[in-house]
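Structural characterization, general
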Amino acid sequence: MTHANMENNKNSIRIPKQLTFTEPSHLSTFLDANSNVTFLDLHKQQWLEWKMLRYPTKNKSKVDFLAEYYSLSEFAGNFFYYPWRNQLVRIIDQPKFLDVVTNRNKHKITAEEQEVLLTKKVGVVGLSVGRTVSTTIAMEKICGELRVADFDELDLSNLNRIKAPIFDLGELKTTSLSREISEIDPYFELTCYSEGLTANNINDFFSSGSQLDLVIDECDDLGMKVLIRKKAKEMGIPVLMDTSDRGMLDIERYDLDPNLHYFHGRIGDFDPPYTWRPLPEERMGLFSKILDISQLSKRGQHSLTEIGKSISTWPQLASAVVAGGGNCTEVARRILLGEKVPSGRFFMDTETLIANES
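Just so you know, these numbers come straight off a predicted model, no measurement behind them.

**Observations concerning the side chain of E252**
Within the fold, E252 resides in strand 10 (residues 248-252). One polar contact links the side chain of E252 to the main-chain amide nitrogen of F263, over a distance of 2.9 Å. In contact with E252, other than residues within four places in its own chain, are R229, I237, P238, V239, L260, H261, Y262, F263, H264 and S343.

**With respect to the confidence of the model for the protein**
Scored by pLDDT, the protein comes out at a mean of 93, with 96% of its residues at no less than 70. Contacts from residues 1-12, a stretch scored under 50 in pLDDT, to residues over four places away or in other chains number 28 contacts.

**With respect to the pairing of strand 4 (residues 87-91)**
Burial within strand 4 is extensive, with four of its five residues counted as buried. Bridge count between strand 2 (residues 38-41) and strand 4: four bridges; the pairing is parallel. Paired with T38 across the strands is Q87, a residue of strand 4. Connecting strand 3 (residues 78-82) to the next strand, strand 4, in antiparallel fashion are four residues, including N86 with a positive phi near 55°.

**Focus on the nonpolar core**
Counting 33 residues, the largest nonpolar core has L197, F205, F206, V215 and I228 as its most contacted members. If you list the elements that add at least two residues to this core, you get helix 8 (202-207), helix 9 (222-235), strand 9 (239-242) and helix 10 (280-291). Ranked by the residues each element gives to this core, the list is headed by helix 9, at six residues. If we skip the residues at most four places from it in the chain, F205 touches G123, V124, V125, R147, V148, A149, Y193, L197, L212 and V215. Among the nonpolar cores identified, the runner-up in size contains 30 residues, and L146, I181, F188 and V321 belong to it.

**Regarding the sheet that holds strand 2**
Neighbouring strands of a sheet are bound in pairs by backbone hydrogen bonds; such pairs are parallel or else antiparallel. Strand order in this open sheet of four strands is 1-3-4-2, and the pairing throughout is mixed. Every interior strand has two partners, whereas the edge strands, strand 1 (17-19) and strand 2, have only one. Pairs of neighbouring strands in the sheet enclose a mean axial angle of 25°, with direction left out of account. Bridge count between strand 1 and strand 3: three bridges; the pairing is antiparallel. The partner of Q18 across the bridge, within strand 3, is F80.

**Describing the sheet that holds strand 9**
In space, the seven strands of this open sheet follow the order 7-6-5-8-9-10-11, with mixed pairing throughout. Two strands lie at the open edges of the sheet, namely strand 7 (190-193) and strand 11 (344-347), each paired on one side alone. This sheet shows a mean twist of 20° between the axes of neighbouring strands, independent of strand direction. Relative to strand 7, strand 6 (residues 145-149) is paired through four bridges, and the arrangement is parallel. If you follow A149 over to strand 7, its bridge partner there is Y193.

**Quick word on unusual backbone geometry**
Residue H107 follows K106 across a cis peptide bond; omega there is 0°. Here H107 lies in the loop between helix 4 (94-101) and helix 5 (111-117). In this structure, F263 is a non-glycine residue whose phi angle is positive, near 55°. Relative to the assigned elements, F263 resides in the loop between strand 10 and helix 10.

**A closer look at the packing of helix 2 (residues 43-53) against helix 4**
Across the interface, helix 2 lies against helix 4 with an axial gap of 10 Å and an inter-helix angle of 60°. Helix-helix and strand crossings are classified by hand; for helix 2 and helix 4 the assignment is left-handed. Contacts between helix 2 and helix 4 involve W47, E49, W50 and L53 on the former and, on the latter, K96, D99 and V100. A breakdown of the residues in the contact of helix 2 with helix 4 according to their chemical character gives four nonpolar, no polar and three charged.

Conventions used here
Residues numbered from 1 in each chain as written. Predicted model: local features only at pLDDT ≥ 70, side-chain atom pairs only at ≥ 80, totals over all residues. Heavy atoms only, no water. Helix = DSSP H or I, 4+ residues; strand = E, 2+ residues; numbered from the N terminus. Polar contact = N/O pair within 3.5 Å; in protein donor to acceptor, adjacent residues only side chain to side chain. Contact = heavy atoms within 4.5 Å. pLDDT = per-residue confidence, 0-100. Buried < 20%, exposed > 50% of the residue type's maximum accessible area, 1.4 Å probe, protein only. Pairing = 2+ DSSP bridges. Core = buried A, V, L, I, M, F, W, Y, C linked by side-chain atoms within 4.5 Å. Axes fitted to C-alpha atoms, helices over the stretch in contact; angles between N-to-C directions. Left-handed = near helix turned anticlockwise from the far one by under 90°. Nonpolar A, V, L, I, M, F, W, Y, C, P; charged D, E, K, R; others polar.

Take a look at the structure:
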């Protein structure tokens, strides 16, 4: 049996630990030694659901498969220990788990497309809209590996748009995200860059093991936004960015057009070295060019004039973040499946589509 690490130091517990038990006494010994841990056995429920889904056109019930189930080893499947929850759970093995959780994707995502998606690698930089994108990607299984980068800790003010428990306040955003994803799917491959994306680790983020197939930019650092595109352009990787205002989504297909200028040419042919960091006085000009303030909503434009006065930073609403995360994920899936989605700035603006008639 693999012994679990029971320490609870801040940020040290991020992912569940897979434990192995070969006989009942091992499981009993673990639970006796850790009396605060509860055991949740979900294997039977999940296995019977998996079996039923294999016979969608047959007149079968779970009772028809009970005899087969009870012939299995009592340690079939896998055990995962979640230290932050003090819970041990037993679930079905990864292939069966994947069969069940992707069953309702069909045939909006075909079995063949799902296989293709599981070979893909996606990077997400910034975990505000990026958290919603990341969890949606994990649920929809549109990649086989997800790499996320963010150095920040979770604050109370983040909870207006980030779905996270108050128990995670003060934790790294990568820690909180990885806990959430692992509670959805402990098999999902998530790699965290908890120091954020930097000039020192950008090569590793984009190409560790094998290169990313797509990167989603949701960071606040304007300098890093430029460097993300510099690296993506060099490697021929498409970039997506949701701005959480008027449903604005930027698509930059560096995989299709290596001559594409950053941000659709909004900053000209500016191409700084990786050591470049914008000066404070450069930031607002760069920000204005990238966003094109005239395209923002009226409330978005007004909010910009209030930064440093009545508000400290760019506002974001949960409704916009959730919608943007979904839109980003859908476009990402289409690109990963080979669709020639065009570069450009697109708006999915419900305020325009559903106007106020008063």
